[in-house]
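Commentary on secondary and tertiary structure
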Amino acid sequence: MIPTIAPPRSVTQPTPFLTRVVDLVGLAMTLLVLAALLVPGEGNLPGRPGMALLVVTFVPGWAALRVVRAPMTPLSVLGAFALSVSLAMLASLITVAWLSWQWQVLAIVWMLATASALGVAILRPPDEELTDVEALEGGWAVARPYWRDEADAVDIDPANDPLLWLLTIAGALITGASLAAADPGDIDGYGLLSALPQWYFVGLAMLLLALFGQLRTGGHRGHVAAVVNLGLLIVALHGAPGFVESAPRFPVAWLHAGFADHIAYEGELYPQLDARFSWAGFFSGVAFVERVADTDDVFWLLRFAPVVVNAVAALAVFALARAVGTSTGRSIAAATIFVFANWIGQDYFAPQAVGFVLVTTVLATVLTYFGDAPDGNGRVARWVGVPQQAPLALTKRSGTLLYAACLFVCTAVVASHQLSPPMLVAMLAALALLGRIRTKMLGAIVGLGFVLWLSHAAETYWVGHLNDLLNQFGDVGSVINSNVSERARPGSPARELVVRCRLLLVFTIWLAGVCAIVEQRRRRALDPALAAMFFSPFVVLGMQSYGGEVLMRVALFTLPAASILIARVQMPVRLASRARLPAALAVIPVIALSIVAPLFVLARFGNESYEQVTPNDRAVVDDMYDLVPDGSRVYVVNRSTLMYADRLREVQFRDLSSDPVTADQMLADAERDGDVFVLVTEGQEGYRHEVQGAEPGWLASFASQLMATGSYRVVSQRGPSVLLERTGGAG
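So, a few notes on the structure that sits alongside this text. For clarity, every value in this text was computed on a predicted model and none was experimentally measured. Throughout, residues of each chain are indexed from 1 in the direction in which the sequence is written. Residues qualify for local features only when their pLDDT is at least 70, as the model is predicted, and side-chain atom pairs are given and counted only at 80 or more; totals for whole chains, interfaces and linings, by contrast, use all residues. Each side-chain value is derived from all of the structure's non-hydrogen atoms; neither hydrogens nor water enter the calculation.

Our focus in this paragraph is the sheet that holds strand 5 (residues 676–680). Note on pairing: DSSP must find at least two bridges between two strands before they are called paired. Here a helix means four or more residues in a row that DSSP labels H or I, a strand means two or more in a row labelled E, and each is numbered from the N terminus. Strand order in this open sheet of five strands is 4-3-5-7-6, and the pairing throughout is mixed. Strand pairing shows two members of the sheet lacking a second neighbour, strand 4 (651–655) and strand 6 (712–718), which therefore form its edges. The average undirected angle you get between the axes of adjacent strands in this sheet is 25°. Sheet topology places strand 5 next to strand 7 (residues 721–726); four bridges connect them, and they run antiparallel. Within strand 7, the position partnered with Leu-679 by the bridge is Leu-723. Every axis corresponds to a line fitted to the C-alpha atoms, with the helix fit spanning only the stretch in contact, and the corresponding angles, defined between N-to-C directions, vary from 0 to 180 degrees.

On to the side chain of Ser-492. With respect to the helices and strands, the residue Ser-492 is situated in the loop between helix 22 (476–485) and helix 23 (493–522). Looking at Ser-492, the relative accessible area reads 6%, which means it is buried. In this structure, Ser-492 is in contact with His-689 and Glu-690, ignoring residues within four places of it in sequence. When a residue's accessible area, from a 1.4 Å probe over protein chains only, is under 20% of the maximum for its type it is buried; when over 50% it is exposed; and in between it is partly exposed. It only takes one pair of heavy atoms within 4.5 Å for two residues to be counted as in contact.

For Phe, Tyr and Trp, where Trp contributes only its six-membered ring, two rings pair if their centres lie within 6.5 Å, and the inter-plane angle classes them as stacked under 30 degrees, edge-to-face over 60, or tilted in between. Scanning the entire structure with this criterion turns up 23 aromatic pairs. Ring geometry for Phe-243 and Phe-304: centres 5.1 Å apart, planes at 55°, overall tilted. Of the two residues, Phe-243 sits in helix 10 (residues 240–244) while Phe-304 sits in the loop between helix 12 (281–293) and helix 13 (305–323), which places them 61 residues apart along the sequence. Arranged with centres 5.4 Å apart and planes meeting at 80°, the rings of Phe-259 and Phe-283 form a pair that is edge-to-face. Residue Phe-259 is located in helix 11 (residues 251–266), and its partner Phe-283 is located in helix 12; the two are separated by 24 residues in the primary sequence. Here the two residues Phe-259 and Phe-283 agree in accessibility, since each one is buried. Each member of the aromatic cluster is reached from another via a ring pair, and the members are Phe-259, Tyr-270, Phe-277, Phe-282, Phe-283 and Phe-349. A positively charged side chain is recorded as over a ring if its NZ (Lys) or CZ (Arg) lies within 6 Å of the ring centre. The angle to the ring normal must also be within 35 degrees. Its guanidinium or amino end placed over the ring of Tyr-270, Arg-649 lies 3.9 Å from that ring's centre, counting from NZ or CZ.

Attention shifts here to the pattern of salt bridges. Salt bridges are counted wherever a side-chain nitrogen of Lys or Arg sits within 4 Å of a carboxyl oxygen of Asp or Glu. Applying the stated criterion across every chain, the model contains 17 salt bridges. The closest approach of N and O atoms between Arg-649 and Glu-268, which form a salt bridge, is 2.6 Å. One end of the pair, Arg-649, is in the loop between strand 3 (632–636) and strand 4; the other, Glu-268, is in the loop between helix 11 and helix 12, with 381 residues separating them in the sequence. With relative accessibility at 40%, the residue Arg-649 sits in the partly exposed group. Residue classification places Glu-268 among the partly exposed residues on the basis of a relative accessible area of 24%. The partner of Arg-672 in a salt bridge is Asp-669, with the nearest N and O atoms 3.4 Å apart. Overall, Asp-669 belongs to the partly exposed group, its relative accessible area being 33%. Connected via shared salt-bridge partners are Arg-249, Glu-608 and Glu-611.

Let's shift gears to the side chain of Ser-563. Relative to the helices and strands, Ser-563 resides in helix 25 (residues 550–567). For Ser-563, a relative accessible area of 1% puts it in the buried group. Between N or O atoms, a polar contact is any pair within 3.5 Å; within protein, one atom must be a potential hydrogen donor and the other a potential acceptor, and residues adjacent in sequence are included only when both atoms are from side chains. A distance of 2.8 Å separates the side chain of Ser-563 from the backbone oxygen of Leu-559, its partner in a polar contact.

Multiplying 1.5 Å by the helix residue count minus one yields the expected span of that helix. In this model, helix 14 (residues 328–341) (14 residues) spans 20 Å end to end at C-alpha, consistent with the 20 Å of a helix rising 1.5 Å per residue. Of all 14 residues that make up helix 14, 14 are buried, and the element is covered over most of its length.

Quick look at the nonpolar core now. Of all hydrophobic cores here, the largest spans 207 residues; its most connected members are Phe-349, Met-533 and Phe-653. With residues up to four places along the chain from it excluded, the contact list for Phe-349 reads Ala-253, His-256, Ala-257, Phe-282, Val-286, Val-298, Leu-301, Leu-302 and Ala-305. We define a nonpolar core as any set of buried Ala, Val, Leu, Ile, Met, Phe, Trp, Tyr and Cys residues linked to one another through side-chain atoms lying within 4.5 Å. The next biggest cluster of nonpolar side chains, apart from the first, holds 18 residues, and it includes Leu-667, Val-680, Ala-694 and Tyr-712.

Note that every value here comes from positions in space, so none of it alone points to a role or purpose.
This is the structure in structure tokens:
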């Protein structure tokens, strides 16, 4: 596959209809939100939260790309998201840290600038549109890469198109009906898998069959249909808890919403509470969305955040696959593999989710526009391979613009998450060492920025914790032990199965990636960039255990390269040709991913017994925030409950022993310093049973033994979840 600049065109082409529609809709939404901000009083606007979300996270980047006449491609859409989100995070962080949280001024300037940029793009006369030749000769425009696809991406059998669409509709209906029929009361130690009907997986298999059937059909129509199927699969897989469970899942997502809410309405950071406030870009950006949307909180973002994150991440994987010369069909297949393999659980409402998408976007952009080829006679070419496409031509101005955009997004990554910048540095350094990119210093610049941020902006985090940060540096064995051995410690039988399933999926993906590297190396078709992005994240294992989660983050950042490597394997094509069964080309991946589907559900949602937020837990926590006085300390047995979702400075959480006698003594000592409460929830009971091996019914026993001392009263009880206040008394 060879990218080339299109031949000179003597007549400029008009702006595509879809691009014009996006321009006009974006302008209309921006002006409506601006009017709502300026109207005295409440400024009520139907659909304002959704419009505010788009105007903050997509429209500004789109407007900027339209002004500089960037080509409208999947990478451009991804770039619009990355630029907008990066701008929101950095601008809001600066506003809250140094400008007294003047969010209204920022919002008005934001809307005016965005509307002006879109107005320029819309009103620009058609004869000002640049041809590819003019784009190469000068100006700030970025020339569009034109790709010549491989033979397997041409039209093969378009007569099957209506049947494949019927299969798509049937699969969507069956999957939707199964999600509607699922009962959250059936969730047990095996998580969501126990609540989903078996025909849910039949629906997924039908969608997979339609997807790969459309890829086999090929052509633009087949690719569009395959993307539709992929979108339905993302909703069905990663949105399943949102349809089944009564409240958005995962207490940590609620914690992050509480952090953003604190910034939005208190106008301050709170690094003394949590280290994540030292990387507050994400929380500041969400706070800006919350104020522009005029909502009391951002809990409305939590339920389907994983769907949005995985959809954008799949687009990033597609763009990355195209950047290394993969055909359109195989790039869609790579995105599909990614969606089914991404059980890792870092796609919820969190800074690491956004950081992962931004890192992948930067890599796709750098490889697309700043890609290079190592010397054909050098060691890299002999030992690894050479890319299958020539570097893309760029003007000096367009290259400068793109480089600045990459640096801008990298800055947002540095300001928003602790682990994403080292991953990005490792991959950029590996690409530079292999001669695969021309931007040799980009990784060094990002690394320097990360060190400066850690030493200055995150000073509150590392002061007093320097030994903890450095003790494990270089001790790979200790890091692996804390990530694998401790996570695999005995719990309930169901929990042990979930952990083994996760390890199986991780090592299977890695093994498949290594086999794909060997296979492509033998065919002389291995792109060095894929090998670099697959192996370089493992370097982070020698730095720090990251609370026992660094192995999961390594698995996440190796997943895009592994998915692309697997999708580029030629073995299924050869097997289908030898068997003279061309349909097998679509059936083989369908069978493989259909087998993976239940394993994915078990690995991804196997912790729902304590990661779901039950109605009882949410109700008793709402009562807690309504009833407890300022300065209260709320004690919890473990952190699988809703904490710091509100009133961050007024309500503090403390750890409590699970032994009732020891707990009572701890609470008696704490009572001398103010109001003391005990929060015991179903989520805590699930964690104690599944992870720590406690007997079922532990929750009721613990609460009753505390009540038996006569030193507590029930403040709120919703089912088995209870909030107790220590009152002294007989104790």
